[in-house]
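Letter by letter, the chains look like this.
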There are 2 protein chains.
Amino acid sequence: MASITQIIDHAENTCRKNGAKLTEKRKRVLTGLLISKKALSAYELIDFMQKEFNESPPAMSVYRILDFLETENLVHKLHLANKYIACSHISCAHEHEVPQFLICDKCGNVKEIGIKKSLINTLKQNVEKSGYVLKSPQLELHCLCHECA
Amino acid sequence: MASITQIIDHAENTCRKNGAKLTEKRKRVLTGLLISKKALSAYELIDFMQKEFNESPPAMSVYRILDFLETENLVHKLHLANKYIACSHISCAHEHEVPQFLICDKCGNVKEIGIKKSLINTLKQNVEKSGYVLKSPQLELHCLCHECA
DNA sequence: TGCAATAATGTTATAAAATAACATTTTAAA
DNA sequence: TTTAAAATGTTATTTTATAACATTATTGCA
C-alpha cells in the first residue's frame, strides 16, 4: 500500500505525461480525498481541507479541480451519492479494471470493485444494439453494506 | 401503444392494489412525464405543467409527488442526468425487465433497454462476493446517441 | 353523520450542488 | 522580457433538494 506522498508523486508524473499539471491546489484536493476514509461531496471536501490544511478554497475552485482530477482519471464522481472518491489504482503499474461502485443507500459507504472485461463487452454490445455508443462503462449500484443490511 | 388515459387508468389500479392513491396532482405529474418526449428535471416538469395544464405546483410538492411515483415504480430517477422519466412498462401485463438507461452526455436523450436476467445475476453475485447486498439493479450508462456520436 | 386521524399538499425558508461571467494571479512559451 | 495561456479567485446566480410548520382533503370508525 503506497503512502499518500508516493501516490501524489505518481499522479504528478502521470499528469505530466499527459501534458497536464498537478498544481499544489490540485494536489491538496486529491490528498484530501486520499486521506478521507469515505467519499466526499465538494462541500465536505472544503470542510475537510479547512480542518486538515487550514485553507478553505472557494467551491468554484474545488469543482474545477475535481473536474480536472476526474478528467485525469485520478478521481471518480459518484452520481448516486453526489460525492467524489479518489481512484484506488493511481500508483498501480498495471492496467486495472473499470471501476464499479457499490454505494450503501443508508450510510453512504462506498466499495469499489473491478468490472470484468466480459461484463463490459456485454454492456457495450447491448448499448450498440440500441444505436448508442458507450462512452464510459463505469457503474454505480444502489446497495446496502453488511452493517446496514 | 396505450393512450395516456389508459396508462393513467392502469397506474391508478396498480396503486390501489398496493394500498396507495394516485391523486389528481400525482396523475398530472405522471401525465406530464408521459407526454414529454424526454426526461425532465423537477423544475422542467414545473415549467412543462405550467404550459400544458396552466398550473404551477411548488417544487416541494413536485419532489414529493416524484418520490411517490418512484416508490410505486411508475417513474425512474436518472441520477446521471438529475432527471425523471416515466416507466415505459406501466400498462404491460407481463413482468418486464429491470431497466437500463442509456443517457447521451451531449444532448440528454435517454433510451431505456431491458437488462437480461443473466446480467442481473452476474451483478448480484459480484456485489454479494464483496459483502454488500444489491438493493436495486437499475443501471445508468454514460453514452452518446447516434446523432451526437 | 360527525369526528379524529391520516394523507396530501401548500408555504416559507433554507441547504446543497453547481455554474456563469468577469477579474486576478501564476505559469509557460516565445 | 513580454505575451499568451492556464489556474485560481470573486461575485453572483441558477439548479436541485429538503426541513419544518401549516392547511386542506380524505379516510375510517363510532
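In this text the structure is predicted, and so the values were computed from the model without any measurement.

Let us look at the pairing of strand β6 (residues 139-144) of chain A. Of all six residues in β6 of chain A, six are buried, a share of seventy percent or more. Neither face of β6 of chain A is open: one carries L139, L141 and C143 of chain A, the other E140, H142 and L144 of chain A, and all of them are buried. One ladder, built from five bridges, connects strand β3 (residues 98-104) of chain A with β6 of chain A; its direction is parallel. When the sheet's bridge partners are listed, L102 of chain A is paired in β6 of chain A with L141 of chain A. Note that β6 of chain A and strand β5 (residues 133-136) of chain B share three bridges and pair antiparallel. Its bridge partner being in β5 of chain B, H142 of chain A is matched across the sheet by S136 of chain B.

Here the focus is the sheet that holds β5 of chain B. Working definition: the strands of a sheet are paired by backbone hydrogen bonds and lie parallel or antiparallel to each other. In space, the four strands of this open sheet follow the order β4(A)-β3(A)-β6(A)-β5(B), with mixed pairing throughout. The open sheet is flanked by β4 (110-115) of chain A together with β5 of chain B, the only strands paired with a single partner. With strand direction ignored, the average angle separating the axes of adjacent strands in the sheet is 45 degrees. Across the sheet, helix α5 (residues 117-129) of chain B touches β3, β4 and β6 of chain A together with β5 of chain B, and the angle it forms with β6 of chain A is around 60 degrees.

Moving on, we get to the domain arrangement of chain A. All names here are of chain A. Taken domain by domain, chain A comprises domain 1 (1-92) and domain 2 (97-149). Once you take the C-alpha centre of each, domain 1 and domain 2 turn out to be 21 Å apart. Residue-level contacts link 11 residues of domain 1 with 10 residues of domain 2. Between domain 1 and domain 2 the total buried area reaches about 890 Å² when both faces are included, carbon and sulfur atoms providing 60% of it. When the buried area of domain 1 at its contact with domain 2 is split by residue, H76, L78 and L80 rank highest and sum to 53% of it. Across the domain 1-domain 2 interface, the total number found is zero salt bridges. The interface formed by domain 1 and domain 2 includes five residue pairs in polar contact (both at pLDDT 80 or more). The dominant element in the side of domain 1 that touches domain 2, judged by the number of residues it contributes, is strand β1 (residues 75-78), at three residues. Of the residues belonging to the side of domain 1 that touches domain 2, the class tally is five nonpolar, four polar and two charged.

Counting through the fold element by element, N126 of chain A comes out in helix α5 (residues 117-129). Residue N126 of chain A is classed as buried on the basis of its relative accessible area of 14%. Non-local contacts of N126 of chain A, meaning those with residues more than four positions away in its chain, are made with I113 and L119 of chain B.

The next thing to look at is the protein's contact with DNA strand D. What surrounds DNA strand D is a group of 14 residues, the closest being T23, K25 and S61 of chain A together with Y63 and N82 of chain B. Near the protein, meaning within 4 Å, the atoms of DNA strand D are sugar or phosphate in a fraction of 51%, with bases accounting for the rest. Within the side chain of T23 of chain A, an N or O atom sits 2.4 Å from a phosphate oxygen of DNA strand D. Between S61 of chain A and DNA strand D, the recorded distance is 2.6 Å, taken from a side-chain N or O atom to a phosphate oxygen. If you list the elements that add at least two residues to the surface near DNA strand D, you get α2 (24-35) and α4 (59-71) of chain A together with α4 (59-71) of chain B.

Criteria and thresholds
- Residues numbered from 1 in each chain as written.
- Chains lettered and ligands numbered in written order.
- Predicted model: local features only at pLDDT ≥ 70, side-chain atom pairs only at ≥ 80, totals over all residues.
- Heavy atoms only, no water.
- Buried < 20%, exposed > 50% of the residue type's maximum accessible area, 1.4 Å probe, protein only.
- Helix = DSSP H or I, 4+ residues; strand = E, 2+ residues; numbered from the N terminus.
- Pairing = 2+ DSSP bridges.
- Axes fitted to C-alpha atoms, helices over the stretch in contact; angles between N-to-C directions.
- Contact = heavy atoms within 4.5 Å.
- Domains from an automatic or database assignment.
- Buried area = accessible area lost by both parts, 1.4 Å probe.
- Salt bridge = Lys/Arg side-chain N within 4 Å of Asp/Glu carboxyl O.
- Polar contact = N/O pair within 3.5 Å; in protein donor to acceptor, adjacent residues only side chain to side chain.
- Nonpolar A, V, L, I, M, F, W, Y, C, P; charged D, E, K, R; others polar.
- Near = heavy atom within 4 Å.

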